[in-house]
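Residues per chain, in single letters:
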Amino acid sequence: MTGGGAETINFKSALREAAIAGGLALLLTLPLIGLKTIETSHGLVIQPHFADVAVTVLLVFMGRLGLVLAATGLGWPVLAIAGAVTAAGWLVPFPTDALRWLDIAGGGVVAIFASLALRSSRVGFDQAERDRRMDRIGARLQDASRLIGPAAVLFALALPMLPFANRGVVDLGCVLLSYIMLGWGLNIVVGLAGLLDLGYVAFYAVGAYSYALLAQTFGFGFWLCLPLAGVFASLYGLMLGFPVLRLRGDYFAIVTLAFAEIVRMVLLNWTSLTNGPVGIAAIPRPSFFGIADFTNSPAEGRLAFHQMFGLDYAPIHRIIFLYYVILALALVVNFFTLRIRRLPLGRAWEALREDDIACTALGINSTNIKLAAFAIAGMFGGFAGAFFASRQGFISPESFTFIESAIILAIVVLGGMGSQVGVVIAALLVVGLPEAFRDLAQYRMLAFGAGMVLIMLWRPRGLLAHRDPTILLHVRKSARQQQAESEARG
Amino acid sequence: MTGDPTRPLLMVEHLTQRFGGLVAVSDVSFSARDREITAIIGPNGAGKTTVFNCLTGFYPPTSGRLTVSHCGRSWLLERMEAHRIAGAARVARTFQNVRLFGGMSVLENLIVAQHNKLMKASFFTLAGLFGLPSFRRAEVEAVDKARYWLNRVGLVGVADWQAGNLPYGAQRRLEIARAMCTEPRLLCLDEPAAGLNPRESADLSELLRFIRDQHQIGVLLIEHDMSVVMQISDHVVVLDYGRKISEGPPEQVRLDPAVIAAYLGEEGDG
């Protein structure tokens, strides 16, 4: 046993706390899980699922009890029981798979807490301690990202050639890279300039519709439309910026949200131009830099990609090509951001995020700086939108709802504002995990929400909220030395 | 470079600032000269910071005229936007509760202060993106200027620390260094000695004298710390309830019955 007060274990209060948690779980799950409406030939019927409720309440009760007892010194027994419960998740039959996952995850968390309590012979960590530890990890990762970054790029480059890369994998790669690119783009506004933009999807929509309409009406190719889509989205950013940038904080966020909805409403109702809710179909696919088409039977006088390179025709060629296009676009955004952080404009953005009044007092025209952030981030959003339209071949206002903005924002915030690697990790978590957990069906979004809540509790500033100075007066020190220094000064 | 000797660096004429029914500053006139330290003192709520905020464009004054003259030109501050007052009229300021870029490093704070110059040198980012030599040279100059001021305020050793992690006194000095990096002609300091220990206050007086004598600019400061005010100021303006009640050299102001009456009972924070 660890030292530290076996005499202070108070089973009564631990039981009471666990009972309260169980009661809360009962209140919540009874209507949400316990009663399910199903459609029968006689109409809607309520089907009770009381077994699910009972198991949930029991699990919550045991979990809470375990946490409290582990904290008061019963580390070993709690660890053993939690381990057994976790193992039971695989062996014992559960009413639903979701409960099985809850059991396994809950048992795991309690076991981790118990072992932590054993190791440090005290209750978990307080917030400050946890922050410091995560900062250290963040700083190390930042150091390591000099290696991880190129390695990840190499992996991304090689992905379509790898043996397991089938159509699904490359498609998922495209989706992930789109979100990574959007995350990096929004990161300029939210992470660097500190302007909480809840309507980033509007830029995406402007880019997508620009491409679709230009390509269909004037027959422009993808490679001409891509810069044009960027320009249009950028102009939208400037138009949005003039009225909106007078506002601050919450008001600013709400107005950006409203403008994104306005864009969607216009797309929905301007039927003569946008075809309204029906959307635009048969959007031309990108060609191989205007030289060759990805098709089995090219039009008169056009070259086909597979003929050009003497390959057999395969539909995956186009998907792989699209994958490389989005990879290149995303990397452009990344390198731009890394570069601009070391330029006066990027530093002014960060200064603006820290304190815009001080910026004004230093003679910085904050309106122009914010407009620049909007225009540039908007341009990248427009690029991503044009890519989206060309990849899907079909767009409708459905694709540009608020939830998209929320997901992109979640990626930026979870990753740690301003962190490039953080955005990649968060995109993998936010977009990749729901794909991976498709088996959980309707509980998928529940798991997603739970993950968000956990990160907000444990890591409110984002996973990798660590910032390295962009310019140094003295020679660079490793993160470890810096850490030692900062600990020395307390 | 000192401009027209007959025109003071800063002229405040009949400045009035109302907030709804409250008159924060009422018909205040004074002037501040080049190469002099002018102090504005007065009990709490006398309207000192409001004068500052009008001067630096944070509030548009209700009425009155604010003129800054140097290099043979004049600027009417009450018509200018805050960032132009700092950029064109070359009036820099610090804040009562220090406003640093806490998440950025000490050096970055000083580089941001040279934003306008660097922005031009980077040809509005384009030259910078491609790393042209002209921009690199400008950046080296900016770092040199920052190093000069870091030396001056004794923060070279911590140049790469996060500004927010510095002790309070160092933050105050850094804020002054940052304001000086904008190459101002008039430096406005809002209670620079607040929260400093006697030793740090003495260093501050030394620094302000250095700025006045070596950089030959005007300094305008609001201060509660009477020892600092009496030691270093060349000219003192006393405000009470938004009105100017006295003005003159420090020795004379100290003996003014109106000033003594205004400070009675509130001398404690001096």
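None of these values were measured; they are calculated from a predicted model. (Residues numbered from 1 in each chain as written. Chains lettered and ligands numbered in written order. Predicted model: local features only at pLDDT ≥ 70, side-chain atom pairs only at ≥ 80, totals over all residues.)

1. Re the overall build of chain A
- The helix and strand tally for chain A stands at 19 helices and four strands.
- With the principal axes as the frame, chain A shows a C-alpha extent of 85 × 75 × 50 Å.
- Counting the 490 residues in chain A, one finds 39% classified as buried.
- Considering only residue pairs separated by 6 or more positions, chain A has 76% of its internal contacts joining residues 24 or more positions apart. (Helix = DSSP H or I, 4+ residues; strand = E, 2+ residues; numbered from the N terminus. Buried ≥ 20, exposed ≤ 12 C-beta atoms within 10 Å, placed from the backbone. Contact = placed C-beta atoms within 7 Å.)

2. Notes on the nonpolar core
Residues and elements named next belong to chain A.
- Among the nonpolar cores identified, the biggest contains 179 residues, and Met181, Ile326 and Ala373 are the most heavily contacted of them.
- Examining the composition of this core, we find that 14 residues originate from one element, helix 15 (residues 366–392), more than from any other.
- What methionine 181 contacts, discounting residues up to four positions off in sequence, is Ile326, Leu329, Ala330, Val333, Phe380 and Ala384.
- Among the nonpolar cores identified, the runner-up in size contains 27 residues, and Leu59, Phe61, Leu67 and Ala117 belong to it. (Core = buried A, V, L, I, M, F, W, Y, C linked by C-beta atoms within 7 Å.)

3. Structural notes on the domain arrangement of chain A
- As assigned here, chain A comprises domain 1 (6–124) and domain 2 (141–458).
- The straight-line distance from the C-alpha centre of domain 1 of chain A to that of domain 2 of chain A is 40 Å. (Domains from an automatic or database assignment.)

4. Some thoughts on the packing of helix 2 (residues 50–71) of chain A against helix 3 (residues 75–91) of chain A
Residue and element names in this part refer to chain A.
- Where helix 2 contacts helix 3, the axes come no closer than 9 Å and their chain directions differ by 155°. Our classification of the angle between helix 2 and helix 3 gives roughly antiparallel. Crossing geometry of helix 2 relative to helix 3 is assigned as left-handed. Taking contact as the criterion, the partners of Met62, Gly66, Leu69 and Ala70 in helix 2 are, on helix 3, Gly75, Val78, Ile81, Ala82 and Val85.
- Its residues assigned to classes, the contact of helix 2 with helix 3 shows seven nonpolar, two polar and no charged. (Axes fitted to C-alpha atoms, helices over the stretch in contact; angles between N-to-C directions. Parallel < 35°, antiparallel > 145°, perpendicular 65-115°, else oblique. Left-handed = near helix turned anticlockwise from the far one by under 90°. Nonpolar A, V, L, I, M, F, W, Y, C, P; charged D, E, K, R; others polar.)

5. Considerations on the packing of helix 6 (residues 167–192) of chain A against helix 12 (residues 316–340) of chain A
Residues and elements named next belong to chain A.
- Closest axis-to-axis distance for the helix 6/helix 12 pair is 9 Å, and the angle between their directions is 20°. Classed by the angle they form, the pair helix 6 and helix 12 counts as roughly parallel. Of the two possible hands of crossing, helix 6 and helix 12 adopt the one that is left-handed.

6. Description of the environment of A:Leu147
- Following the sequence through the fold, A:Leu147 ends up in helix 5 (residues 127–158).
- On a C-alpha basis, the gap between A:Leu147 and A:Ser287 in space is 34 Å, while along the polypeptide they are 140 residues apart.

7. Comments concerning the pairing of strand 4 (residues 63–70) of chain B
Residues and elements named next belong to chain B.
- Two elements, strand 1 (residues 10–19) and strand 4, share five bridges in a ladder whose sense is antiparallel. Counted as the bridge partner of leucine 10 is valine 68 from strand 4.
- One ladder, built from four bridges, connects strand 4 with strand 5 (residues 73–76); its direction is antiparallel. From the neighbouring strand, valine 68 faces strand 5, where its bridge partner is tryptophan 75.
- The antiparallel hairpin formed by strand 4 and strand 5 contains two residues in its connecting segment, where cysteine 71 sits at a positive phi of about 55°. (Pairing = 2+ DSSP bridges.)

8. Notes on unusual backbone geometry
Residues and elements named next belong to chain B.
- The phi angle at aspartate 27 is positive, at roughly 50°, despite the residue not being glycine.
- With 14 C-beta atoms counted inside 10 Å, the residue aspartate 27 sits in the partly exposed group.
- Phi angles above zero are rare outside glycine, and arginine 35 is one such case at about 55°.
- Its location among the elements puts arginine 35 in the loop between strand 2 (22–32) and strand 3 (37–41).
- Judged by local crowding, arginine 35 falls into the partly exposed class, with 14 C-beta atoms found within 10 Å.

9. Some thoughts on the pairing of strand 2 of chain B
Residues and elements named next belong to chain B.
- Alignment of strand 1 against strand 2, held across seven bridges, turns out to be antiparallel. Looking across to strand 2, one finds that valine 12 is bridged to phenylalanine 30.
- Connecting the antiparallel pair strand 1 and strand 2 is a turn made up of two residues, with glycine 20 showing a positive phi of about 60°.

10. Examining the interface of chain B and chain A
- On the side of chain A, 26 residues touch chain B, which itself brings 29 residues to the contact.
- Taken together, the elements giving at least two residues each to the side of chain B that touches chain A come down to helix 2 (82–87), helix 3 (106–112), helix 4 (115–121) and helix 5 (126–129) of chain B.
- Taken together, the residues of the side of chain B that touches chain A sort by class into 12 nonpolar, 12 polar and five charged.

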